[in-house]
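Here's the letter readout for the chains.
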Amino acid sequence: MKKIEAIIRPSKLKAVQRGLKDADIPCITVAAVKGTGLQKSYSERYRGTEQSMILQNRVMITCIVSDNKLEECIEVIKENASENKAGDGKIFIYDVQDAIRLSTGVRGNDAIT
Ligand SMILES: Nc1ncnc2c1ncn2[C@@H]1O[C@H](COP(=O)(O)OP(=O)(O)OP(=O)(O)O)[C@@H](O)[C@H]1O
Ligand SMILES: [Mg+2]
């Protein structure tokens, strides 16, 4: 199992959620976050604050998928979240040791779908 953490523009959330659902990846966790990337392209100041210190509103989508769904999940997020511009966001991938569905006690891959 893999954990996919995608930090994207809030405006892309609906399209990504729709894409994931259509790809049979309906279980996601979404959080509103603030963050900053490199922002190398500009270093002006906005109201006295260096641009690279300004935290942008972003959305973090977390989903746990079986190993054989990983590449499809990445593709769906790339297709729906990217404007091919700086600031589009990033995807991080982690190994997941186990999952447990509390209602039944089922573990592993059967617990995540
Ligand atoms: N290394 C990182 N660790 C944690 N969060 C990150 C990291 N890189 C980016 N982020 C998060 O992703 C958001 C979007 O990042 P962004 O796309 O601006 O990255 P970048 O490295 O500046 O690349 P670029 O602007 O060229 O696309 C940031 O606001 C931040 O929340
Ligand atoms: Mg950036």
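Residues numbered from 1 in each chain as written. Chains lettered and ligands numbered in written order. Predicted model: local features only at pLDDT ≥ 70, side-chain atom pairs only at ≥ 80, totals over all residues. Heavy atoms only, no water.

By the naming in an unreviewed UniProt entry, the chain goes by Nitrogen regulatory protein P-II family and is assigned to Maribacter arcticus.

A.B. asks: I keep staring at the packing of helix α1 (residues 13-22) against helix α2 (residues 70-81) and nothing clicks. Help me out?
C.D. replies: It is at 9 Å that the axes of α1 and α2 come closest, and there the two elements cross at 150°. What the angle tells us is that α1 and α2 run roughly antiparallel. Crossing of α1 against α2: the hand is right-handed. Facing Ala 15, Val 16, Gly 19 and Leu 20 of α1, the residues of α2 in contact are Cys 73, Val 76, Ile 77, Asn 80 and Ala 81. Taken together, the residues of the contact of α1 with α2 break down into seven nonpolar, two polar and no charged. (Axes fitted to C-alpha atoms, helices over the stretch in contact; angles between N-to-C directions. Helix = DSSP H or I, 4+ residues; strand = E, 2+ residues; numbered from the N terminus. Parallel < 35°, antiparallel > 145°, perpendicular 65-115°, else oblique. Left-handed = near helix turned anticlockwise from the far one by under 90°. Contact = heavy atoms within 4.5 Å. Nonpolar A, V, L, I, M, F, W, Y, C, P; charged D, E, K, R; others polar.)

A.B. asks: What should I look at first to understand the site of ligand 1 in this one?
C.D. replies: The environment of ligand 1 is formed by 13 residues, the closest being Gly 35, Leu 38, Gly 87, Gly 89 and Lys 90. For ligand 1, whose free accessible area comes to 600 Å², the fraction covered by protein is 68%. In the shell around ligand 1, the residues fall into four nonpolar, six polar and three charged. (Near = heavy atom within 4 Å. Areas by Shrake-Rupley, 256 points an atom, 1.4 Å probe, with all protein chains shown as cover.)

A.B. asks: I keep staring at the pattern of salt bridges and nothing clicks. Help me out?
C.D. replies: In a structure, side chains of opposite charge can pair up when their charged atoms sit close to one another. As enumerated under the stated definition, the model contains 10 salt bridges in all. Taken together, the shared-partner salt bridges connect Arg 9, Lys 12, Glu 83, Lys 85 and Asp 88 into one network. (Salt bridge = Lys/Arg side-chain N within 4 Å of Asp/Glu carboxyl O.)

A.B. asks: Help me out: how do you make sense of the state of the cysteines in this one?
C.D. replies: Any covalent bond linking the sulfur atoms of two cysteines counts as a disulfide. Counting across every chain of the model gives zero disulfides. Cys 27 takes part in no disulfide bond, and the closest cysteine sulfur to it belongs to Cys 63, at a distance of 9.3 Å. Cys 73 takes part in no disulfide bond, and the closest cysteine sulfur to it belongs to Cys 63, at a distance of 3.6 Å. For Cys 73, a relative accessible area of 0% gives the class buried. (Disulfide = S-S within 2.5 Å. Buried < 20%, exposed > 50% of the residue type's maximum accessible area, 1.4 Å probe, protein only.)

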